[in-house]
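A structural walkthrough
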Amino acid sequence: MQLDDFVSENAPDEGGDSFQLENSKLLDIAVDGSVMTKAGAMVAYEGDLSFTGKSSAEGGLTGFIKEAASSEGTPVMEVEGRGHVYVADREKRIQLLDLDAGESISVNGEDVLAFGADVDYEINTIGSIGGASAAGLTNVFLSGPGAVAITTHGDPLVLEPPVRTDPDATVAWSANLSPGIETDRSLSDAIGQSSGETYQLEFEGSEGFVVVQPYEEGPGGQ
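Fair warning: this is a prediction, and the values are worked out from it, not measured in the lab.

It is worth spelling out the packing of aromatic side chains at this point. The final tally for this structure, using the stated rule, is three aromatic pairs. Geometrically, the ring pair formed by Y45 and F51 is edge-to-face, given 4.9 Å between the ring centres and 65 degrees between the ring planes. Its relative accessible area of 41% is what places Y45 among the partly exposed residues. Taking the centre distance of 5.9 Å and the plane angle of 55 degrees together, the rings of F115 and Y121 count as tilted. A relative accessible area of 2% means that F115 is categorised as buried.

See the structure below:
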């Protein structure tokens, strides 16, 4: 490929929505005011933008990731100003959601990439998942209207309850669902007590959805 062709074919698309995919793993956010992104997700930016780490109640996401999991740095940053910020997360696929007023979704804290300033949020923590996750599972309850970007390893699968899922493979679920933690003794006997599959999130009911990915994401996104 000629150099000029390479440059032109991989240049950012002009125009479009404020949240625009440049490809399946790279998100272009047109900032005019402020937006929240996962800390460390910025790969480049253009324009007059400032970045502020947020982990306190003063405008931040208290408990977005539990303290034990945030030792590597502030988990969320606010991007302010006017310009474009390009974000990605370890080559994970980006799923763009447009929430209408009154629509909500609960997302695993590790899988939230960005959301608009108008999106309301609430932090919840599901209790300790056996020995697999002493800190529990932190999830972010996001309410529209506004744009939300979440990430998945590979293409997601959306299931209807009742269903049990591996906590490390669970990405998101509809707002009407509240998962419990269950232990499957038959799995414990079959594959050993130390296996993460012995603990599941249990989603009950007949309405709603659960999003899983074809990958078990351990603590810290590993």
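The discussion continues.
Take the side chain of N139 next. Turning to its location among the elements, N139 is positioned in strand β9 (residues 137-143). The exposure class of N139 is buried, given its relative accessible area of 4%. Here the side chain of N139 touches S106 through a polar contact of 2.4 Å, side chain to side chain. When neighbours within four sequence positions are excluded, N139 is seen to be in contact with S106, V107, N108, G109, E122, I123, N124, T125, I126 and W173.

This part is about the confidence of the model for the chain. Mean pLDDT over the chain works out to 80, with 76% of the residues at or above the 70 mark. Within the model, pLDDT remains below 50 along residues 56-74, and this stretch shows 38 contacts once partners closer than five positions in the same chain are excluded. Segment residues 130-135 is flagged for pLDDT under 50; beyond a separation of four residues in sequence, or across chains, it makes six contacts in the model.

Overall, antiparallel pairing links the six strands, which are arranged β8-β9-β6-β13-β16-β11 in an open sheet. In this open sheet, the two strands that pair with only one neighbour each are β8 (120-126) and β11 (157-159). When strand polarity is set aside, the average angle formed by the axes of neighbouring strands in this sheet is 20 degrees. By the bridge criterion, three bridges tie strand β13 (residues 170-174) to strand β16 (residues 210-212) in an arrangement that is antiparallel. Its bridge partner lying in β16, A172 is registered against V211.

With that settled, the discussion passes to the pairing of strand β7 (residues 112-116). One face of the sheet, then the other: side chains in a regular strand alternate in exactly this way. Buried residues dominate β7, accounting for five of its five residues. When strand β2 (residues 26-38) meets β7, the two strands line up antiparallel, connected through three bridges. Paired with V35 across the two strands is G116, which belongs to β7. Note that β7 and strand β10 (residues 146-152) share three bridges and pair antiparallel.

Scoring rules and cut-offs
- Residues numbered from 1 in each chain as written.
- Predicted model: local features only at pLDDT ≥ 70, side-chain atom pairs only at ≥ 80, totals over all residues.
- Heavy atoms only, no water.
- Phe/Tyr/Trp six-rings, centres within 6.5 Å; stacked < 30°, edge-to-face > 60°.
- Buried < 20%, exposed > 50% of the residue type's maximum accessible area, 1.4 Å probe, protein only.
- Helix = DSSP H or I, 4+ residues; strand = E, 2+ residues; numbered from the N terminus.
- Polar contact = N/O pair within 3.5 Å; in protein donor to acceptor, adjacent residues only side chain to side chain.
- Contact = heavy atoms within 4.5 Å.
- pLDDT = per-residue confidence, 0-100.
- Pairing = 2+ DSSP bridges.
- Axes fitted to C-alpha atoms, helices over the stretch in contact; angles between N-to-C directions.

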